[in-house]
Amino acid sequence: MRDFSYYYAESESGDRIDDPSQDALFVMIEELERDENTFVVVQPERERPDWYVSVTISDESGYEIVRYDSKTGEHIVTVDDDVDRISADITVWMAARVAEREPFSSS
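Residues numbered from 1 in each chain as written. Predicted model: local features only at pLDDT ≥ 70, side-chain atom pairs only at ≥ 80, totals over all residues. Heavy atoms only, no water.

Chemist: Help me get a handle on the pattern of salt bridges, residues and values and all.
Modeler: Going through the model one piece at a time under the given rule, you end up with 8 salt bridges. We note a salt bridge from Glu-45 to Arg-16, for which the minimum N-O separation is 2.2 Å. A residue pair is termed long-range when its members are at least 10 positions apart, and Glu-45 in the loop between β3 (39-44) and β4 (51-57) and Arg-16 in strand β2 (residues 16-18) qualify at 29 residues. When its relative accessible area of 40% is taken as the criterion, Arg-16 is described as partly exposed. (Salt bridge = Lys/Arg side-chain N within 4 Å of Asp/Glu carboxyl O. Helix = DSSP H or I, 4+ residues; strand = E, 2+ residues; numbered from the N terminus. Buried < 20%, exposed > 50% of the residue type's maximum accessible area, 1.4 Å probe, protein only.)

What follows is the structure, given as structure tokens:
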């Protein structure tokens, strides 16, 4: 069993979840509001993270999602209003980042 987190999600209000599940991300995104809790950031547990995802309440409607990965050069900004789809997409995207960067262990 590992004694570290691969990544964590943290909201502007200070809520933090290590290795958040899709359901946990859903709840964190749903709890965003325009006044005091406007964003959630997910990134690896490192001093200098090489990727991140942020979800912010959009000025238009829904949420702005930013996916950034310095190793692949990916920098994608999208807007969506379906929290279930957003949390699922983020979960899949993060899992790919962790899988590519973690060495395979046969133990």
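Chemist: Report on the pairing of strand β6 (residues 74-80), specifying residues and quantitative values.
Modeler: With 7 bridges joining them, strand β5 (residues 63-69) and β6 adopt antiparallel strand pairing. Each bridged residue has a counterpart across the sheet, and for Arg-67 the counterpart in β6 is Ile-76. Hairpin connection, β5 to β6: the antiparallel pair is bridged by 4 residues, and Gly-73 has positive phi, about 80°. (Pairing = 2+ DSSP bridges.)

Chemist: Which residues make up the packing of aromatic side chains, and what are the values?
Modeler: Throughout the structure, instances matching the rule amount to 3 aromatic pairs. Among the aromatic side chains, those forming a connected cluster through ring pairs are Tyr-7, Trp-51 and Trp-93. The ring of Tyr-8 has Arg-16 sitting right over it, with the charged end atom 3.8 Å from the ring centre. In this arrangement the basic side chain of Arg-97 is found over the ring face of Trp-93, its NZ or CZ atom lying 4.0 Å from the centre. (Phe/Tyr/Trp six-rings, centres within 6.5 Å; stacked < 30°, edge-to-face > 60°. Lys NZ or Arg CZ within 6 Å of the ring centre and 35° of its normal.)

Chemist: Talk me through helix α1 (residues 22-30); I want residue IDs and the actual numbers.
Modeler: Listed in full, the buried residues belonging to α1 are Ala-24, Leu-25, Met-28 and Ile-29. Along the long axis of α1, the arc covered by the buried residues comes to 130°, so they all point the same way. For α1, the exposed residues set more than 90 degrees away from the buried face come down to Asp-23 and Glu-30. (Arc of directions from axis to C-beta.)

Chemist: Pulling in residues and values, what's your account of the side chain of Asn-37?
Modeler: For Asn-37, the location among the structural elements is in the loop between α1 and β3. On the basis of relative accessibility, which here comes to 6%, the residue Asn-37 falls in the buried class. Beyond its immediate chain neighbours, meaning those up to four positions away, Asn-37 contacts Ser-11, Glu-12, Ser-13, Glu-31 and Leu-32. (Contact = heavy atoms within 4.5 Å.)

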